Each structure stands twice: as structure tokens, then as C-alpha cells.
Amino acid sequence: MELDAVAKALKELGHPTRLCIYKEVVKAGFQGTAVGSVQDKLGIPASTLSHHVSSLASAGLISQRREGRTLYCVAEYECLDSVIGFLRDECCLNEDQKDSDC
């Protein structure tokens, strides 16, 4: 994953409301969760939720699908895995150097 894409994903997840939304979507699994359910659980106004969901989608962290009148948010687990992998890949590379922390 490119540095800019990782930075964008982390930036979007750095907002407390977006992180709460993302956690709800991730917990829902591969089928996703209805936007209305997220709104009810978190008590977020629809316009605010829409703004945050759009930000998460633009970073590739979630996708949306419509079934009838219900809009679902689905976690893009490959993106999540890529971000985690990017951070983990260089973990402890300098472990042999006594003056650096992991």
C-alpha cells in the first residue's frame, strides 16, 4: 500500500466519530450494517453520519451497497489489512540498535 493511501486512511480513522463508525462497521462482518443502525447506536445526526461515511469511503476503508431502501456500509477488510501490514512491516527492524525503540 502506498504511503499516501495509508496516511489518508489513518487520517480518516484519527477522528473520534469516524473511528466509532468504523468500529461498528467492522464489527458487523462481511455483510455490513445498515446506516440507520449505526445512526441509532451512535446517536449521530443523519447529515453528520453521511459526511463521515463519505470520508471513510473515500479512503477505501468502507464501501456501500443499497438493498431496496436500506443503505449498508461494509468494511473493506483488505484495506484494513494493508494499513495494519504497512505499520507492522517495519516493526522492530532496528532492534539490534540499542538506542532505538520499536
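Residues numbered from 1 in each chain as written. Predicted model: local features only at pLDDT ≥ 70, side-chain atom pairs only at ≥ 80, totals over all residues. Heavy atoms only, no water.

Side note on the overall build of the protein
And step 1. From N to C terminus, the protein includes five helices and three strands.
And step 2. Its helices and strands in sequence order give the protein the pattern α-α-β-α-α-β-β-α, from N to C terminus.
And step 3. Radius of gyration (C-alpha) of the protein: 16 Å, far over the 13 Å computed for a compact globule of 102 residues.
And step 4. Overall, the protein is about 55 × 20 × 20 Å in size when its C-alpha atoms are taken along their principal axes.
And step 5. Within the protein, the fraction of its 102 residues that count as buried is 31%.
And step 6. Pairs at least 24 residues apart make up 57% of the contacts formed inside the protein by residues separated by at least 6 positions.
And step 7. Summed over its atoms, the accessible surface of the protein is roughly 6800 Å², and 50% of this surface lies on carbon and sulfur atoms.
And step 8. Looking at charge distribution, the protein has the averaged site of its 11 positive side-chain charges lying 12 Å from that of its 15 negative ones. (Helix = DSSP H or I, 4+ residues; strand = E, 2+ residues; numbered from the N terminus. Rg over C-alpha atoms; globule rule 2.2 N^0.38 Å. Buried < 20%, exposed > 50% of the residue type's maximum accessible area, 1.4 Å probe, protein only. Contact = heavy atoms within 4.5 Å. Areas by Shrake-Rupley, 256 points an atom, 1.4 Å probe, with all protein chains shown as cover. Lys, Arg positive; Asp, Glu negative; His and termini not counted. Charge placed at Lys NZ, Arg CZ, Asp CG, Glu CD.)

Brief notes about the side chain of Glu24
And step 1. Examined against the element boundaries, Glu24 turns out to sit in helix α2 (residues 16–27).
And step 2. Beyond its immediate chain neighbours, meaning those up to four positions away, Glu24 contacts Thr33, Val38, Lys41 and Leu42.

Focus: the sheet that holds strand β3 (residues 70–75)
And step 1. With respect to topology, three strands assemble into an open sheet ordered β1-β3-β2, the strand pairing being antiparallel. Every interior strand has two partners, whereas the edge strands, β1 (33–34) and β2 (62–67), have only one.
And step 2. Direction of pairing for β1 relative to β3: antiparallel, over a ladder of two bridges. Within β3, the position partnered with Thr33 by the bridge is Cys73. (Pairing = 2+ DSSP bridges.)

Concerning the pattern of salt bridges
And step 1. Under the definition given, this model contains six salt bridges.
And step 2. Across the pair Glu12 and Arg18 runs a salt bridge, and its minimum N-O distance is 3.1 Å. Here Glu12 and Arg18 have matching classes, each one buried.
And step 3. The shortest N-O distance in the salt bridge between Glu67 and Arg65 comes to 2.8 Å.
And step 4. A single salt-bridge network, built from bridges that share partners, covers Lys8, Lys11, Glu12 and Arg18. (Salt bridge = Lys/Arg side-chain N within 4 Å of Asp/Glu carboxyl O.)

Concerning the packing of α2 against helix α4 (residues 46–58)
And step 1. Where α2 contacts α4, the axes come no closer than 10 Å and their chain directions differ by 75°. In terms of orientation, α2 lies roughly perpendicular with respect to α4. On α4, the residues touching Thr17, Arg18, Ile21 and Tyr22 of α2 are Leu49, His51, His52, Val53, Ser55 and Leu56.
And step 2. Across the contact of α2 with α4, the residue classes tally to five nonpolar, four polar and one charged. (Axes fitted to C-alpha atoms, helices over the stretch in contact; angles between N-to-C directions. Parallel < 35°, antiparallel > 145°, perpendicular 65-115°, else oblique. Nonpolar A, V, L, I, M, F, W, Y, C, P; charged D, E, K, R; others polar.)

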